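Chain residues, written in single-letter form:
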Amino acid sequence: MSRTLTFARGGVEPLDFKSLTSHLPIANAHIPAVAVVPLLQHSGAPAVAVVSPGDRVREGMLIARADGFRSANIHSPVPGLVRDVGDMTLPDGGRCRAVTVECAGEFDRSGKILNRQPWDGVDAATLNALVAEMGVVGLGGAGFPVHVKYAFGTDRPADSLIVNGIECEPYLTGEHRLMLEKPDEIIEGSCIARKITGARGVVFAVAENKIDAVAVLREKIAEKSLPFDLVTVKAKFPQGEEDLLRHVLREDRTAHHIPPGTKTIISNVGTIFAVYEAVVWKKPLIERVITISGSAVVRPSNVKARIGTKIGELFEDCGGFREPPGRIVMGGPFLGAAVTDLDAPLTKLTTGLIALTRRETASCADDACIRCGRCVRSCPWGLSPTILVKLIKHGRTEEAVAGGLNDCEECGCCAYVCPAGIPLLAYLRKGRSWGRMPTRDGAI
Ligand code: SF4
Ligand code: SF4
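Residues numbered from 1 in each chain as written. Chains lettered and ligands numbered in written order. Predicted model: local features only at pLDDT ≥ 70, side-chain atom pairs only at ≥ 80, totals over all residues. Heavy atoms only, no water.

Asks: Help me get a handle on the sheet that holds strand β7 (residues 80–89), residues and values and all.
Replies: Across the sheet, four strands lie side by side as β2-β8-β7-β4; this open sheet has antiparallel pairing. Edge positions in the sheet fall to β2 (34–38) and β4 (56–57), since each has one partner strand and no second. Note: β2 against strand β8 (residues 95–103), five bridges, orientation antiparallel. Looking at β8, one finds that Val34 is bridged to Glu102. (Pairing = 2+ DSSP bridges. Helix = DSSP H or I, 4+ residues; strand = E, 2+ residues; numbered from the N terminus.)

As C-alpha cells, this is what we get:
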C-alpha cells in the first residue's frame, strides 16, 4: 500500500461526525406531493422553461432547456401537473424561475424494468451529448455542467481523470456510501468519463477515513484488470478542493505522479455515478444522494431524494428535530450556506442538510482578535485572513484585493480555527461580493 498523501500548508482536521451516518445504507426518501424545481441549479445561465401551467409532465421529462453551452437541462422529478412557472428565492438569497409540479399519475421509470444502453461502440461526442441531454452537473456542490467540463477533452484529450472520493466536509457520507454500495457502477461511470475525456489514466483519490471503500474499489479494479490507480489522501479539510488535489498528485513522486502542465479533469464520485446513470440507463438527473445529519436531527441518514423536495419534508423523513435547531446548513458546515426556509427545495447542488443545535452554533463577539495567527497558519492559500477582514470592515476592499482577497477559496478554515469566534468567512464573502470577484463556481 502506498503512503497517504496530503497538501503541506494549512488546512484543518476537524471532528468529522461522519460516524453518525457512515454505517447507514442509502435509503429512499419519500416522493414529494409537490416538487418545486429551480431553473438555476448549476453554474452558468439558468435553463429556460419549456412547460406552462396546466401542462402534464412525465417522470424525467424535460421541463427547462439549457440556455446556451454553459447551462444545464432540467427534468421533472415526478409525473404530474405543472401548477406554476414563476419566480422563487434561492436559499442563498438569489432569485430564479422555478417550475412547480404536483405529483400525479404513473411513474415511467421508478419500479420499472429499464433497458441497459450499450455505450462501448458509441463515440465520445455522442456520449457527452447524452450527458448534456440528461442535465448532469457536478454534484460536489459547484454544479459545473459536466458536458462543458468534459468537452475540453474533445479539443485536447485529458492526460488524467481523477475520481474524487475524498468527501472532506464533516458530516457528509453520501459519497462514501455510494462507493460501498455502487462500486461497479462507479467503475463503469469512470470508464465512460475516461472515454469522453480521452484521458489516458484514471486515478481514484479516496480519503484514509474511508478505508472500507478503498478496499472495495481496489478489489473491483483488480477484478476487472483495469489500468486504474488508487491513492489514499489524508482526511483533512479542504483536501477535496480541486486545485489542492491536483497539486498533491503533482507533488507526489511515486507511481501516481501527475506531471505539471498535464491536463487533468476531476469529477467527484457522485457525479461519476450520475454520468453512469445518464449513459447506461438514459436517466436524467432527477434525484441525488444526500446526508441528513447533525445533533438536532432525530435519525441522521443517507437518503436518495427527488430534486424539488422541500427540505423540511426531508428532515421529517428523518424523524424531525430533537430540539429547535440553532442553524440549518445546506451542504457541509464549511462550504455550505445557512438556510432559514424549510420550504426551500433540494437541488442538484445539495450535498447534505445539517441541523446544528443552538449550543453548537453560539457565536462570540466579533471584535476580539487576540492576534494569535491561527487563521494565517490554517489558510491553504497562504493568505492573511485577519488582515483581509480588517480591510473589508473598513471598506478598504481594493487594498484587500491587493492583499489576495481574490485568491480566497472561501474554504472557511480560518473561521473554524479562530479562538475568538470571529466570523471571518462571512466577512470574506461580503468583501468578495463587494469587489465583484468571480466565485469558486466560476472556475472549472
Ligand atoms: S476562507 Fe479564504 S482566507 Fe480563510 S482559510 Fe480559506 S482561503 Fe484562506
Ligand atoms: S485566528 Fe482569530 S483571533 Fe487569531 S489572529 Fe486570526 S482573527 Fe485574530
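Asks: Any details on helix α5 (residues 211–223)? Residues and values, ideally.
Replies: Each α-helix turn comprises 3.6 residues. Residues three or four places apart therefore point the same way. With 13 residues, α5 ought to run about 18 Å at 1.5 Å a step, and its terminal C-alpha atoms sit 18 Å apart, in line with that. Taken as a whole, α5 has its buried residues at Ala213, Val214, Leu217, Lys220 and Ile221. Down the axis of α5, the smallest arc covering the buried residues is 135°, so these residues share one side. In α5, the exposed positions that point more than 90 degrees away from the buried face belong to Glu219 and Ala222. Here the buried face of α5 lies against α3 (174–181), α4 (183–197), β10 (201–207) and β11 (228–233). (Expected span 1.5 Å × (residues − 1). Buried < 20%, exposed > 50% of the residue type's maximum accessible area, 1.4 Å probe, protein only. Arc of directions from axis to C-beta. Contact = heavy atoms within 4.5 Å.)

Asks: Could you give an account of empty space enclosed by the protein, with specific residues and numbers?
Replies: Following the criterion strictly, the structure yields two cavities of 30 Å³ or more and no others. Reported here for the largest cavity is a volume of approximately 100 Å³. Along the wall of the largest cavity there are 15 residues; nearest its centre are Cys379, Leu383, Cys408, Cys414 and Leu428. When residues of the lining of the largest cavity are traced back to their parent elements, those giving at least two are α10 (374–378), α11 (385–393) and α13 (413–417). There is about 50 Å³ of room inside the second largest cavity. When its residues are assigned to classes, the lining of the second largest cavity shows five nonpolar, no polar and three charged. (1 Å grid on protein atoms, 1.4 Å probe; cavity = no way out; pocket = protein on both sides within 12 Å on 5 of 7 lines; lining within 4 Å. Points joined across faces, edges and corners; volume = space filled by probe spheres on them. Nonpolar A, V, L, I, M, F, W, Y, C, P; charged D, E, K, R; others polar.)

Asks: Describe the site of ligand 2, naming the residues involved and giving the relevant values.
Replies: In the region of ligand 2, the neighbouring residues are Cys369, Ile370, Arg371, Cys372, Gly373, Cys375, Thr386, Cys418, Pro419 and Ile422. Partitioned by chemical class, the residues of the shell around ligand 2 number seven nonpolar, two polar and one charged. (Near = heavy atom within 4 Å.)

Asks: Go over the site of ligand 1, please, and point to the residues and values.
Replies: Looking at ligand 1, the residues that line it are Cys379, Trp381, Pro385, Cys408, Glu409, Glu410, Cys411, Gly412, Cys413, Cys414 and Leu428. Most atoms of ligand 1, that is more than half of them, are within 2 Å of grid points of the largest cavity. Its residues placed into classes, the shell around ligand 1 shows eight nonpolar, one polar and two charged. (Sits in = over half its atoms within 2 Å of the grid points.)

Asks: Please provide a residue-by-residue account of a nonpolar patch on the surface, values included.
Replies: A contiguous nonpolar patch, built from Leu15, Phe17 and Leu20 and spanning about 280 Å² of accessible area, is present on the exposed surface. Mapped onto the fold, Leu20 is located in the segment before β1 (27–28). (Patch = residues over 30% accessible without salt bridge, like charges linked within 9 Å, V, L, I, M, F, W, Y side chains within 5 Å. Areas by Shrake-Rupley, 256 points an atom, 1.4 Å probe, with all protein chains shown as cover. Salt bridge = Lys/Arg side-chain N within 4 Å of Asp/Glu carboxyl O.)

Asks: I'd like a description of the sheet that holds strand β12 (residues 264–268), backed by residues and values.
Replies: As summarised here, the arrangement of the four strands in space is β11-β10-β9-β12, forming an open sheet in which the pairing is parallel. The sheet is open, and its two borders are formed by β11 and β12, each paired with just one other strand. Direction aside, neighbouring strands of the sheet carry axes that sit 25° apart on average. Where strand β9 (residues 160–165) meets β10, six bridges bridge the pair, whose relative direction is parallel. Across the sheet, Val163 pairs through a bridge with Phe204, a residue of β10. (Axes fitted to C-alpha atoms, helices over the stretch in contact; angles between N-to-C directions.)

Asks: How would you summarise the packing of aromatic side chains if you had to cite specific residues and measurements?
Replies: With the rule as written, the count across this model stands at six aromatic pairs. Centre to centre, the rings of Phe17 and Tyr171 are 4.8 Å apart; their planes meet at 10°, and the pair counts as stacked. With Phe17 in the segment before β1 and Tyr171 in the loop between β9 and α3, this residue pair connects regions lying 154 residues apart in the sequence. By relative accessible area, which is 4% here, Tyr171 ends up buried. Through a chain of ring-to-ring contacts, three or more aromatic side chains come together here, namely Phe237, Phe334 and Tyr416. (Phe/Tyr/Trp six-rings, centres within 6.5 Å; stacked < 30°, edge-to-face > 60°.)

Asks: Quick rundown of the nonpolar core? Include the residues and the values.
Replies: Among the nonpolar cores identified, the biggest contains 44 residues, and Val136, Tyr150, Ile186 and Phe204 are the most heavily contacted of them. Take this core: its biggest share by element is nine residues, from helix α7 (residues 269–280). Excluding its chain neighbours within four sequence positions, the residues that come into contact with Ile186 are Leu178, Met179, Phe204, Val269, Ile272 and Phe273. (Core = buried A, V, L, I, M, F, W, Y, C linked by side-chain atoms within 4.5 Å.)

Asks: An account of the domain arrangement of the protein is needed here, citing residue identities and associated values.
Replies: One frequently used descriptor of interface size is the decrease in accessible area upon assembly of the parts. Along its sequence, the protein is carved into domain 1 (113–280) and domain 2 (374–439). If you look at the interface, domain 1 gives five residues, while domain 2 gives five residues. Across the domain 1 to domain 2 interface the summed buried area is about 380 Å²; carbon plus sulfur atoms make up 72%. Its residues assigned to classes, the side of domain 1 that touches domain 2 comprises three nonpolar, no polar and two charged. (Domains from an automatic or database assignment. Buried area = accessible area lost by both parts, 1.4 Å probe.)

Asks: Describe the pairing of strand β14 (residues 301–306), and please don't skip the residues or the numbers.
Replies: Among the six residues in β14, five count as buried, and that is most of the element. Pairing of β1 with β14 involves two bridges; the strand directions are parallel. For Asn28, the partnering residue across the bridge sits in β14 and is Lys304. Sheet analysis places strand β13 (residues 287–293) next to β14, joined by six bridges and oriented antiparallel.

Asks: Can you tell me about unusual backbone geometry, naming the residues and giving the values?
Replies: A cis amide bond links Phe237 to the next residue, Pro238, at an omega of 0°. Residues other than glycine seldom take positive phi values, yet Phe17 does so here, at roughly 55°. Phi at Ser225 is positive, roughly 50°, even though this residue is not glycine. By the element assignment, Ser225 lies in the loop between α5 and β11.

Asks: An account of the environment of Cys413 is needed here, citing residue identities and associated values.
Replies: In this structure, Cys413 sits in helix α13. Distance in space between the C-alpha atoms of Cys413 and Leu335 is 9.9 Å, their sequence separation being 78 residues. Those residues in contact with Cys413, other than ones at most four positions away along the chain, are Gly11, Val12, Phe237, Pro238, Phe334, Ser378 and Pro380.

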